[in-house]
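The lines below spell out each chain.
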Amino acid sequence: LGEEDDDEGGGGGNGRDRILAVTFTKKAAGEMRHRLEGLLREEEELQQQRNSVSEWDDEDDDDGEDVIREEQISPAESNSSKKSPSMPSAMRRVTLGTFHSVCSKILRWNGDELSSLPSIAGVGGGGSTGIPSGGQGDDDDESSASSSSAAAAAALDGTFAIVDQSDQLRIVRETMKTLGLAAKGGDGKDGGGGSKGDVRPITILNAVSHLKSEAADALVRESRLLPPPPTKSSGGIGGNGGGGGGSGGAKISDKALKMARAVYPLYRRSLLDHNSLDFDDLVLLAREILLFRPDVRYGMHRRWSHVLVDEFQDTSRAQLDVVRLLTTRSLFVVGDGDQSIYSWRGANAESMTDFEMEFDGHHHGRMTNESLGGEGSDTSMDEE
């Protein structure tokens, strides 16, 4: 940041937002931002001091005596100097956040494109989601669902709301009630009518997430626009992995999957009817728009010429594809397979050893930290 030429290759040539830094939690992103702002602020202060010394040396009067300029400081300026320091100017060239927040930005910036994406335009009754509707309803119902899904797709734009898990569970319960499906611990009011079931709504939600991720991965495979994942991994980076909230490698019963296939079309339509997305959608649709809309992808390349990913061992398949689609000439990732904590959602410690197969032209290394007793974490970077 301190040495880059602002006129080199940034978005629109103004040098702003040239670096994308991604991590997994808000806390980690906040800590990264705090540290980076502190380092850049120190650099700016040092540069200002160097400039002041240079100006002092150059300003001599005709007699060779130093010219001393007394700057008038207004009361307002004096008070403002006591406030917290402003953000370093170089931070304007950095986009730093979680995978979900960065993917949300990409979708909002390109909101006009969302309704035409394959997975959105074909929602309902199976469509391009790749998920069977579970055999519910007759032809008239399917016709009604088709027109309703078309209206829902048209309603999705960059002003979408993001639903949390409590809202997701509410939609699942309402959908189960509509379909006459019973949930564990439920009754006519909570579980969806009928006799008490043995499947929890959270289990159905996890199964819906799993099915959604599988359908999204199938869409990518069928497009053949990305190379297939390495076959040596049994899961994680080489297997199915959702947008960050999926079930990953968790085992889901056949009964839960069957119920989820019936619930999913109505669940998805409910979200789109209200111009809403869940957290899985943020990553999966970001990957989809980058994959199927080259103009959007190239626009992101102009915006971010350098990509940095922290905790790379926790990336899912979809997140890794997003990194691949956003990367041009410069990528730097840091990870430690021993610290992988998101295997339940599709992450795998082998993401580091698979790196060179996933990113041709980049190499894998190891850095040590003396404060950790010589132990190190894996890093991967481009050849430059």
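In the block above lies the structure referred to throughout.
A quick note: this is a predicted structure, and the numbers were derived from the prediction, not measured. (Residues numbered from 1 in each chain as written. Predicted model: local features only at pLDDT ≥ 70, side-chain atom pairs only at ≥ 80, totals over all residues. Heavy atoms only, no water.)

Chemist: So what exactly am I meant to see when it comes to the overall build of the chain here?
Modeler: Looking only at helices and strands, one finds 12 helices and 8 strands in the chain. Expressed as a percentage of the 384 residues in the chain, the buried residues total 46%. A separation of at least 24 residues holds for 77% of the contacts in the chain among residues at least 6 apart in sequence. Here the chain displays about 20,100 Å² of accessible surface, and carbon together with sulfur accounts for 47% of that area. (Helix = DSSP H or I, 4+ residues; strand = E, 2+ residues; numbered from the N terminus. Buried < 20%, exposed > 50% of the residue type's maximum accessible area, 1.4 Å probe, protein only. Contact = heavy atoms within 4.5 Å. Areas by Shrake-Rupley, 256 points an atom, 1.4 Å probe, with all protein chains shown as cover.)

Chemist: Whenever I open this one, the packing of helix α9 (residues 279-292) against helix α11 (residues 317-326) confuses me. Can you help?
Modeler: Relative orientation and spacing of two packed helices are given, respectively, by the angle between their axes and the distance between those axes. α11 packs onto α9 with a crossing angle of 35 degrees between their chain directions and a minimal axis gap of 9 Å. At the point where α9 passes α11, the crossing takes the left-handed sense. In this structure, α9 contributes V283, L284, R287, L290 and L291 to the contact, and α11 contributes R317, A318, Q319, D321, V322, L325 and L326. Looking at the contact of α9 with α11 residue by residue, the classes come out as 8 nonpolar, 1 polar and 3 charged. (Axes fitted to C-alpha atoms, helices over the stretch in contact; angles between N-to-C directions. Left-handed = near helix turned anticlockwise from the far one by under 90°. Nonpolar A, V, L, I, M, F, W, Y, C, P; charged D, E, K, R; others polar.)

Chemist: How should I be thinking about the packing of helix α3 (residues 99-109) against α9 in this particular structure?
Modeler: Viewed as axis vectors pointing N to C, α3 and α9 meet at an angle of 55 degrees, and their least axial separation amounts to 9 Å. By the angle between their axes, α3 is oblique relative to α9. For the crossing formed where α3 meets α9, the hand is left-handed. Across the interface between the two elements, H100, C103, S104, I106 and L107 of α3 pack against F279, D281, L282, V283, L285, A286, I289 and L290 of α9. Of the residues in the contact of α3 with α9, the class split is 10 nonpolar, 2 polar and 1 charged. (Parallel < 35°, antiparallel > 145°, perpendicular 65-115°, else oblique.)

Chemist: Is there a simple way to explain the environment of R108 in this structure?
Modeler: Within the secondary structure layout, R108 lies in helix α3. Residues R108 and D157 lie 49 residues apart in sequence; the distance between their C-alpha atoms is 7.5 Å. Engagement of the side chain of R108 in a polar contact is seen with the backbone oxygen of F160, the distance being 2.8 Å. (Polar contact = N/O pair within 3.5 Å; in protein donor to acceptor, adjacent residues only side chain to side chain.)

Chemist: Looking at this model, I keep getting lost on the packing of aromatic side chains. Mind explaining?
Modeler: Each aromatic ring pair is summarised here by two numbers: the centre-to-centre distance and the angle between the ring planes. In total, this model carries 2 aromatic pairs according to the counting rule given. Ring centres of F24 and F99 lie 5.2 Å apart, and the angle between their planes is 55 degrees; on these two criteria the pair is classed as tilted. Here F24 is found in the loop between β1 (19-23) and α1 (26-58), whereas its partner F99 is found in helix α3, with 75 residues between them in sequence. Comparing F24 with F99 shows no difference in burial state: the two are buried. Ring geometry for W109 versus W304: centroids 5.9 Å apart, planes at 45 degrees, classification tilted. Of the two residues, W109 is situated in helix α3 and W304 in the loop between α10 (294-303) and β5 (306-309); the sequence distance between them amounts to 195 residues. A cation over an aromatic ring shows up here: R108 above the ring of F160, its NZ or CZ 3.9 Å from the ring centre. (Phe/Tyr/Trp six-rings, centres within 6.5 Å; stacked < 30°, edge-to-face > 60°. Lys NZ or Arg CZ within 6 Å of the ring centre and 35° of its normal.)

Chemist: What's the story with helix α6 (residues 165-179) in this structure? I'm lost.
Modeler: Residue pairs three or four apart in sequence face the same way in an α-helix, which turns once every 3.6 residues. Between its first and last C-alpha atoms α6 spans 21 Å; for 15 residues at 1.5 Å apiece the expected length is 21 Å, and the two agree. When we look at burial in α6, the residues that qualify are Q168, L169, I171, V172, T175 and M176. Down the axis, α6 shows its buried residues gathered within 160 degrees of arc, on one side only. Positive phi appears at G180, one or two residues downstream of α6, with a value of about 75 degrees. (Expected span 1.5 Å × (residues − 1). Arc of directions from axis to C-beta.)

Chemist: Help me understand the pairing of strand β6 (residues 330-335), please; the structure alone is not making it clear to me.
Modeler: Residues in a regular strand point their side chains to alternate faces of the sheet. With 5 of 6 residues buried, β6 lies mostly within the body of the structure. Pairing geometry for β5 and β6, over 4 bridges, is parallel. Bridge pairing in β6 places V307 opposite L331. One crossover worth recording links β5 to the parallel β6 by way of α11, and it is right-handed. (Pairing = 2+ DSSP bridges. Right-handed = clockwise from strand over helix to strand, strands pointing away.)

Chemist: Would you explain the side chain of R268 in this entry?
Modeler: Mapped onto the fold, R268 is located in helix α8 (residues 254-273). Under the relative-accessibility criterion, R268 is labelled buried at 3%. At a separation of 2.5 Å, a polar atom in the side chain of R268 contacts the side chain of Y264.

Chemist: Can you help me understand unusual backbone geometry in this one?
Modeler: One can expect most non-glycine residues to show negative phi and most peptide bonds to be in trans. Phi is positive for N275, close to 50 degrees, though the residue is something other than glycine. Topologically, N275 is positioned in the loop between α8 and β4 (276-277). In this structure N275 comes out as buried when scored by relative accessible area, which is 12%. Phi angles above zero are rare outside glycine, and E311 is one such case at about 55 degrees. With respect to the helices, strands and loops of the structure, E311 is situated in the loop between β5 and α11. A relative accessible area of 28% places E311 in the partly exposed class.

Chemist: What is the right way to look at the pattern of salt bridges in this model?
Modeler: Pairing between side chains of opposite charge can happen when the charged atoms of each approach one another. One pass over the full model with this rule turns up 10 salt bridges. For R287, the salt bridge identified is with D217, shortest N-O distance 2.9 Å. Of this pair, R287 sits in helix α9 while D217 sits in helix α7 (residues 201-223), and the two are 70 residues apart along the sequence. One exposure class covers both R287 and D217, and it is buried. Because the salt bridges share partners, they merge into one network encompassing K212, R268, D278 and D281. (Salt bridge = Lys/Arg side-chain N within 4 Å of Asp/Glu carboxyl O.)

Chemist: What is the right way to read the pairing of β1 from this model?
Modeler: Of all 5 residues in β1, 5 are buried, a share of seventy percent or more. What you see with β1 is no split at all: I19, A21 and T23 on one side and L20 and V22 on the other are buried throughout. When β1 meets strand β2 (residues 94-98), the two strands line up parallel, connected through 5 bridges. Across the sheet, residue L20 finds its bridge partner in β2, namely T95. Two elements, β1 and β5, share 4 bridges in a ladder whose sense is parallel. Residue pairing for β5: V22 is matched across the bridge by V309.

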